[in-house]
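What follows is the residue order along each chain.
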Amino acid sequence: DIHMIPVFIINLRANRYDQPYLRVEDIRMAEHAAGTEMALEFANYEYTLGEARPDSLVDLLNGMPPGDSADPDDIMLGSLIMGWQMKYRDAIAILDDTTAGLSDNYLAAFIRGNHEFAIAEIISSIESQDIYSAEDNSTVTRYYSNALMDYNRSIELNPDFPYSWFNRAYINSIMDELEPALEDYSSCIGISPDLGQAYYNRGLLNIFLDSLQEGCRDLSQAGELGIEAAYRVIYKFCKE
């Protein structure tokens, strides 16, 4: 019953959909969108919509074919909405359009990585209906690898954006690249020391790697930062 906290995505929905195969968290990161005109609210564990109504945004973007707007924010928002509708390949194609001017945009690279991750999760669920192993399916591995490259790019463009580090760490961990995952969680914590999810996941990795003291310390910090699941793991592994 112990699972790592999954990747962070940008979301805007009135209700949480029942999609058990898609392991995601929503992020509250308005401070990282300074200067953007995207009509979005970024939420973590809840959907705080403010004045933005998702139905009106969906109607707006659905009525605007790709290419009608050259504004990078409109293009990213269009890609996000396609992703929310599970049209992931179309969402990626919008970002990859050379006329979009997003090749040097860290948030676009982050969004693209999320789309690649979602495709990998769906394929994995359909084919195995079980926990993914990197040795099981080369197609799934390819999409996870694509997501890693996108997060690499996002980090290259903006190394102060903690969620790209977190997401890269998560994918590295499920692909059994545990030491790089630990390093990325540490980088994420260095940038955002209040991100309890990063302490939680790093704690689980440390326990798995037999670094019990470090793992329990991370889990204790995660608990203090509001990750209640940390206390269940502490009870199981850190009694002494």
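Cut-offs applied
- Residues numbered from 1 in each chain as written.
- Predicted model: local features only at pLDDT ≥ 70, side-chain atom pairs only at ≥ 80, totals over all residues.
- Heavy atoms only, no water.
- Axes fitted to C-alpha atoms, helices over the stretch in contact; angles between N-to-C directions.
- Helix = DSSP H or I, 4+ residues; strand = E, 2+ residues; numbered from the N terminus.
- Parallel < 35°, antiparallel > 145°, perpendicular 65-115°, else oblique.
- Left-handed = near helix turned anticlockwise from the far one by under 90°.
- Contact = heavy atoms within 4.5 Å.
- Nonpolar A, V, L, I, M, F, W, Y, C, P; charged D, E, K, R; others polar.
- Salt bridge = Lys/Arg side-chain N within 4 Å of Asp/Glu carboxyl O.
- Buried < 20%, exposed > 50% of the residue type's maximum accessible area, 1.4 Å probe, protein only.
- Patch = residues over 30% accessible without salt bridge, like charges linked within 9 Å, V, L, I, M, F, W, Y side chains within 5 Å.
- Areas by Shrake-Rupley, 256 points an atom, 1.4 Å probe, with all protein chains shown as cover.
- Phe/Tyr/Trp six-rings, centres within 6.5 Å; stacked < 30°, edge-to-face > 60°.
- Lys NZ or Arg CZ within 6 Å of the ring centre and 35° of its normal.

Concerning the packing of helix α9 (residues 212-224) against helix α10 (residues 229-237)
Here α9 crosses α10 at 150°, and the two axes come no closer than 8 Å. One finds that α9 runs roughly antiparallel with respect to α10. In this structure, α9 meets α10 at a crossing whose hand is left-handed. Here α9 contributes L212, C216, L219, S220, A222, G223 and E224 to the contact with α10, which in turn contributes A230, Y231, V233, I234 and F237. Classifying every residue of the contact of α9 with α10 by side-chain character gives nine nonpolar, two polar and one charged.

Remarks on the pattern of salt bridges
Pairing between side chains of opposite charge can happen when their charged atoms approach one another. Overall, the coordinates contain seven salt bridges when judged by the stated rule. In this structure, the salt-bridge partner of D184 is R168, at a minimum N-O distance of 2.7 Å. Of the two residues, D184 is situated in helix α7 (residues 178-191) and R168 in helix α6 (residues 162-174); the sequence distance between them amounts to 16 residues. What makes R168 buried here is its relative accessible area of 17%. Across the pair R202 and D218 runs a salt bridge whose closest N-O atoms are separated by 2.7 Å. With a gap of 16 residues between them, R202 in helix α8 (residues 196-208) and D218 in helix α9 connect regions that are remote in the sequence. Overall, the relative accessible area of 18% leaves R202 in the buried class. D218 sits in the buried class, given a relative accessible area of 5%. In this structure, a network of salt bridges that share partners links the residues D96, R112, E116 and D150.

Remarks on unusual backbone geometry
In this model, D176 sits at a positive phi of 70°, which is unusual for a non-glycine residue. Assignment of secondary structure puts D176 in the loop between α6 and α7. Its identity is not glycine, yet D210 carries a phi of approximately 65°, on the positive side. One can find D210 in the loop between α8 and α9.

What about a nonpolar patch on the surface?
A contiguous nonpolar surface patch, about 240 Å² in accessible area, is contributed by I2, L212 and F237. The partly exposed category is assigned to F237, whose relative accessible area is 35%.

Describing the packing of aromatic side chains
A full pass over the atoms with the stated rule returns nine aromatic pairs. Relative to Y163, the ring of F8 lies with its centre 5.1 Å away and its plane at 55°, an arrangement referred to as tilted. Residue F8 is found in strand β1 (residues 7-9), and its partner Y163 is found in helix α6; the two are separated by 155 residues along the sequence. Accessibility expressed as a relative area gives 0% for F8, which makes it buried. Consider the rings of Y106 and F161, whose centres lie 5.1 Å apart with planes at 65°: the pair is edge-to-face. Within this pair, whereas Y106 is found in helix α4 (residues 106-128), its partner F161 is found in the loop between α5 (138-157) and α6, the two being separated by 55 residues in sequence. Each member of the pair Y106 and F161 is classed as buried. Site record: aromatic cluster; members linked through ring pairs are F8, Y106, F110, Y151, F161, Y163, F166 and Y185. The ring of Y143 carries the charged tip of R142 above its face, separated from the ring centre by 4.8 Å.

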